[in-house]
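A look at the structure
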Amino acid sequence: MNRFDALLLPDRGQPAHLIEVIAPTSHDAWLATQPSRVRATLAAQRFKGKAGSHAIVPDEGDGWHVIAAIDDDTPWALAKLAEQLPGGTYRVCGHEGGELGWLLGQYSFDRYRKPDRTDPRILLTRDAASLADTLRLAEATAWVRDLVNTGAGDCGPAELEAAAEALARRHGATVTVRRGDELEQGYPLIHAVGRAASRDRAPRLIELTWGTPGAPRVALVGKGVCFDTGGLDIKPSAGMRLMKKDMGGAAHALALADLVMAARLSVRLHLLIPAVENAIAGDAFRPGDVLRSRKGLTVENTNTDAEGRLILADALTRAAEEKPELILDYATLTGAARVALGPDLPPLFTDDDVLATDLLAAGIAAADPLWRLPLWDAYDEMLKSDIADMVNAPDGGFAGAITAALFLRRFVPKDIAWAHMDVFAWRPTAKPGRPKGGDAYALRASFAVLKSRYPG
């Protein structure tokens, strides 16, 4: 049982408080039809039908019901109610959907303190067929939030490995891990980035495989930088403050793998997480070092704070070796993406127009949007190095999200469909059902595409 199982139940006529939903535009007409005691109660609570507001109205007996003004048909329509209503069981009248927001409106991260509330708000739903999918999506989103919110001291490469092992046990998958100096020959970029960390936080490549042999191969790759000092090109303290979230791509890939396996999609799944800490020590990799990748391409390291693309390069190379028909990668890769599109809108990079169309449409349908940015070939020359095959961080800072994606593209063969999503994994301000802190972006959209392409 996951944390949300008891919060969303089939409606079998059990006692519940009614939530009567009205549209803000029809408030005045609706109010005129109400008895005087209801109008007086609403006036006392200053309820004027503004979108997102609600009031509690006594019934003629001992009970009470809720009047809620909602003009939102997104998954978050009921989230604010779930956050604010008293504990109890509820039934909605006048609105369809919103169950995901109801569940995630009750999410809290309680690892380091007692929860603010312990009174569950239970929703009865007539759409029993959607229960399992909604519960799985809520749990996957909550898992991303938990992993990202956890302090880096409690979520290092070993803890990501443990998370993958637990995931494998739940679904009968297989995990293989290469750690520490074992990476130096086969995965030199992962090794270089992570080698300065303490021994108990040694770098590793975590791989999980699952599914029926012969099914289409799908690879999910997630950036797992568990903490990023910036390396010798050290970040300022303000920039380092949230770097516990730099493993947000790994959190997304783990959660998406969980959804794929729970739904038993018809795929041969390959999950890859390069997990490192970009630390500072005497053996830290240096600006100016020339590093050799698993693919054989050499990289002049022009910035030790552009480390995520380095570890992803080796992981993408490994994913491509199994000849999947699709690779999706997730990474908290660039500040440039946030400057261009802000925190809510992850840029999507792919040369596959059909894949782009599918992901963008799924994002709109699931209220989980993406925005396509170009893999602009003319900017490829910005990656030119005087002494190696490429640099990892071009001078000048222009088009930083695009050049990072172009760097990754060099490690994916042209005959494999590939999409890169530069997710933020963090919500800087709270919204209903989405508290400040770690969050999942493009997760529901990605799962919808995989579910459509590879139905179980």
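Below is a short write-up of the structure.

1. Here's the deal with the sheet that holds strand β6 (residues 121–125)
Taken in spatial order, the six strands of this open sheet run β1-β6-β5-β2-β4-β3, and their pairing is mixed. A single partner strand is all that each edge strand has here, and the edge strands are β1 (8–10) and β3 (54–58). Within the sheet, the average angular offset between the axes of one strand and its neighbour, ignoring direction, is 30°. Direction of pairing for β3 relative to strand β4 (residues 64–69): antiparallel, over a ladder of five bridges. Paired with A55 across the two strands is I67, which belongs to β4. In the packing of helix α2 (residues 36–44) onto the sheet, contacts are made with β3 and β4, and the angle to β3 comes to roughly 140°. Here helix α5 (residues 131–149) sits on the sheet and contacts β1 and β6; the angle it forms with β1, its principal contact strand, is near 175°.

2. A word on the pairing of strand β11 (residues 268–278)
Counting buried positions along β11 gives 10 out of 11 residues, so the element sits mostly inside the fold. Alignment of strand β8 (residues 204–211) against β11, held across eight bridges, turns out to be antiparallel. Looking across to β11, one finds that G211 is bridged to R268. Where strand β9 (residues 217–222) meets β11, five bridges bridge the pair, whose relative direction is parallel. Opposite R217, over in β11, you have R268 as the bridge partner. Pairing analysis gives four bridges linking strand β10 (residues 224–228) to β11, with the strands arranged parallel. Bridge pairing in β11 places V225 opposite V276.

3. Some thoughts on the packing of aromatic side chains
According to the stated counting rule, one finds four aromatic pairs in the structure shown. Centroid distance W64 to Y90: 6.1 Å. Interplanar angle 55°. Geometry classified as tilted. Of the two residues, W64 is situated in strand β4 and Y90 in strand β5 (residues 88–93); the sequence distance between them amounts to 26 residues. Grouped by ring-pair contacts, the aromatic residues W64, Y90 and W102 constitute a single cluster. A cation over a ring is seen here: R145 above Y107, with NZ or CZ 5.1 Å from the ring centre. Positioned above the aromatic ring of W143 is the side chain of R170, whose terminal nitrogen or guanidinium carbon lies 5.3 Å from the ring centre.

4. Some thoughts on the pairing of β5
Pairing geometry for strand β2 (residues 17–22) and β5, over four bridges, is parallel. Bridge assignment links I19 to a residue of β5, and that residue is V92. Bridge count for β5 against β6 is four bridges, and the pairing is parallel. Its bridge partner lying in β6, T89 is registered against I122. Traced from β5 through helix α4 (residues 99–104) to β6, the parallel crossover comes out right-handed.

5. Structural notes on the packing of helix α11 (residues 308–321) against helix α14 (residues 400–409)
Here α11 crosses α14 at 30°, and the two axes come no closer than 9 Å. Taken together, α11 and α14 sit at an angle that is classed as roughly parallel. The handedness of the crossing between α11 and α14 comes out as right-handed. Along the contact surface, α11 presents R309, L310, L312, A313 and L316, while α14 presents A404, F407 and L408. Residues of the contact of α11 with α14, tallied by class, amount to seven nonpolar, no polar and one charged.

Analysis parameters
- Residues numbered from 1 in each chain as written.
- Predicted model: local features only at pLDDT ≥ 70, side-chain atom pairs only at ≥ 80, totals over all residues.
- Heavy atoms only, no water.
- Pairing = 2+ DSSP bridges.
- Helix = DSSP H or I, 4+ residues; strand = E, 2+ residues; numbered from the N terminus.
- Axes fitted to C-alpha atoms, helices over the stretch in contact; angles between N-to-C directions.
- Contact = heavy atoms within 4.5 Å.
- Buried < 20%, exposed > 50% of the residue type's maximum accessible area, 1.4 Å probe, protein only.
- Phe/Tyr/Trp six-rings, centres within 6.5 Å; stacked < 30°, edge-to-face > 60°.
- Lys NZ or Arg CZ within 6 Å of the ring centre and 35° of its normal.
- Right-handed = clockwise from strand over helix to strand, strands pointing away.
- Parallel < 35°, antiparallel > 145°, perpendicular 65-115°, else oblique.
- Left-handed = near helix turned anticlockwise from the far one by under 90°.
- Nonpolar A, V, L, I, M, F, W, Y, C, P; charged D, E, K, R; others polar.

Everything listed here is a matter of geometry and, on its own, says nothing about what the molecule does.
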